[in-house]
Amino acid sequence: MLSLLEHMYHELGLVEEFNINPIVLKRWLLCVQENYRNNPFHNFRHCFCVSQMMYGMIHLCKLWERMATEDLGILLTAAVCHDLDHPGYNNTYQINARTELAIRYNDISPLENHHCAVAFQILSNPETNIFANVDKDTFKRIRAVSPYRHGDNIIQWGYLLFFLVRKLFKFLKMVLIKCCDISNEVRPMEVSEPWVDCLLEEYFNQSDREKMEGLPVAPFMDRDKVTKPTAQIGFIKFVLIPMFETVAKVFTQIDEVMVQPLKTAKDRYEEMKSVEEAQKQATLSRRKDKKSSRSTGETTMAAASTKSNSHTQMNSPSSGRAFRCWNWGQRV
Ligand SMILES: [Zn+2]
């Protein structure tokens, strides 16, 4: 993964553009890798996937025709750094649990601020500063598209996107970063599905901890409420498809390569959901049949018991109670 990322910087002409020392590039990538934690989802492999998707989009959309090489460098670097030192628990947890990060950033996008701070901390070391040779103005522009600015409220993005891409071209960079960040479902099923498992594992870790600490739990993270298809259908339908369709208005190539696979993924998860529901229904009716056949058996036994004890029953005021006790015993 490290050498592939390195290749991307060379192939896009970024090493030349920013006059990057090739050894510093290697050291920087290694340092970035070390600063990703071993979370089920937000790990270095996720960083690689997002960066590779960005690289793919740059080529697919021939972004060099619309952007300067400097912008391509900013996009790729933002993708590489976008989840640095992610702790595996989201902003809501950070804020509700009053973590050190939430306190440090006054509850304002603690994670995004942290990823950004770690990225510039790495760049502050001359040994890992790939932008050591750029002028002050270029460095300012690099800081302006910092990862934390891509925000975590993706639904708002859906509504704002159309206006952003049309009127404010500079925001397109942030939109592209966001698209790449949540693009797993664009990939073939063999690649995307294990990522859903990883994401759910991270979500369940968080919700288990929230339950233990008495904090609010989001239903989409709760292992008792969410399944793989239910987690994905709404996300693909209401977030991913509208978002990529809007970007496809600017870059038409995206429609065939990204929007169509998203629609296929949605259909697949809907099918998966139907199968799950059918299985659930079958289990329920099996249980119901078992229960009703048991209660028929109980009635038959009760009738036999009533018949054989008719004399005692007629003479004993407690007989009815005795029957109820027997019946109760069976239920337990
Ligand atoms: Zn990410």
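Residues numbered from 1 in each chain as written. Predicted model: local features only at pLDDT ≥ 70, side-chain atom pairs only at ≥ 80, totals over all residues. Heavy atoms only, no water.

1. Quick word on the pattern of salt bridges
Inspection of the entire model under this criterion finds 18 salt bridges. The partner of Lys-211 in a salt bridge is Asp-222, with the nearest N and O atoms 2.8 Å apart. Remark: Asp-222 occurs in the loop between helix H12 (189-213) and helix H13 (228-250) and Lys-211 occurs in helix H12; sequence separation between them is 11 residues. A relative accessible area of 38% places Lys-211 in the partly exposed class. (Salt bridge = Lys/Arg side-chain N within 4 Å of Asp/Glu carboxyl O. Helix = DSSP H or I, 4+ residues; strand = E, 2+ residues; numbered from the N terminus. Buried < 20%, exposed > 50% of the residue type's maximum accessible area, 1.4 Å probe, protein only.)

2. Observations regarding the packing of aromatic side chains
Under the definition given, this model contains 7 aromatic pairs. Between Phe-18 and Phe-131 the ring centres are 5.1 Å apart and the planes differ by 80°, which places this aromatic pair in the edge-to-face class. With Phe-18 in the loop between helix H2 (14-17) and helix H3 (22-34) and Phe-131 in the loop between helix H8 (110-123) and helix H9 (136-144), this residue pair connects regions lying 113 residues apart in the sequence. No difference in accessibility class separates Phe-18 from Phe-131, as the two residues are buried. On the basis of an interplanar angle of 40° and a centroid distance of 5.1 Å, the ring pair of Tyr-89 and Tyr-93 is categorised as tilted. The exposure class assigned to Tyr-93 is buried, which follows from its relative accessible area of 3%. Of note, Arg-209 hangs over the ring of Tyr-89, and the distance from its end group to the ring centre comes to 4.6 Å. It is Arg-268 that lies over the ring of Tyr-269; its NZ or CZ is 4.9 Å from the centre. (Phe/Tyr/Trp six-rings, centres within 6.5 Å; stacked < 30°, edge-to-face > 60°. Lys NZ or Arg CZ within 6 Å of the ring centre and 35° of its normal.)

3. So, the UniProt feature "binding site: AMP" (unreviewed entry) in the protein chain
Within this structure's numbering, the places UniProt gives as "binding site: AMP" (unreviewed entry) are His-42, Asn-43, Phe-44, Arg-45, His-46, Asp-83, Asp-181 and Gln-232. Note that Asn-43 resides in the loop between H3 and helix H4 (44-60). Beyond its immediate chain neighbours, meaning those up to four positions away, Asn-43 contacts Tyr-36, Arg-37 and Trp-195. For His-46, the location among the structural elements is in helix H4. His-46 sits in the buried class, given a relative accessible area of 1%. (UniProt positions renumbered as here; feature names shortened; annotations may be inferred. Contact = heavy atoms within 4.5 Å.)

4. Quick word on unusual backbone geometry
You will see that Lys-62, though not glycine, has its phi angle at about 45°, which is positive. Considering the arrangement of structural elements, one finds Lys-62 in the loop between H4 and helix H5 (69-81). Residue Asn-106 is not a glycine yet carries a positive backbone phi of 55°. For Asn-106, a relative accessible area of 59% gives the class exposed.

5. Topic: the coordination of the zinc ion
Donor atoms from the polypeptide that bind the zinc ion are His-46 (NE2), His-82 (NE2), Asp-83 (OD) and Asp-181 (OD), placed at 2.0 to 2.1 Å. Ordering the donors of the zinc ion by residue number gives the pattern H-x35-H-D-x97-D. One end of the pair, His-82, is in the loop between H5 and helix H6 (91-96); the other, Asp-181, is in helix H11 (residues 172-181), and 99 residues separate them in sequence. Asp-181 matches His-82 in its accessibility class, with the two residues each being buried. (Donors = N, O, S within 2.8 Å, 3.2 Å for Na, K, Ca; no water.)

6. A word on H8
With 14 residues, H8 ought to run about 20 Å at 1.5 Å a step, and its terminal C-alpha atoms sit 20 Å apart, in line with that. Counting buried positions along H8 gives 12 out of 14 residues, so the element sits mostly inside the fold. Buried within H8 we find Pro-110, Leu-111, Glu-112, Asn-113, His-114, His-115, Cys-116, Val-118, Ala-119, Phe-120, Ile-122 and Leu-123. Looking at the buried residues of H8, the elements they touch are H3, H5, H6, helix H7 (100-104) and H9. (Expected span 1.5 Å × (residues − 1).)

7. Observations concerning the confidence of the model for the protein chain
When pLDDT is averaged across the protein chain, the result is 84; 81% of the residues are at 70 or more. Every residue in residues 147-166 scores below 50 in pLDDT, and together they form 45 contacts with partners more than four places removed in sequence or on other chains. Low pLDDT, under 50, characterises residues 305-332; the predicted model gives this stretch 9 contacts beyond four residues in sequence or across chains. (pLDDT = per-residue confidence, 0-100.)

8. Quick word on the side chain of Asn-184
Mapped onto the elements, Asn-184 comes out in the loop between H11 and H12. In this structure Asn-184 comes out as buried when scored by relative accessible area, which is 12%. Each residue touching Asn-184, except ones within four places of it in the same chain, is listed here: Phe-41, Ser-192 and Trp-195.

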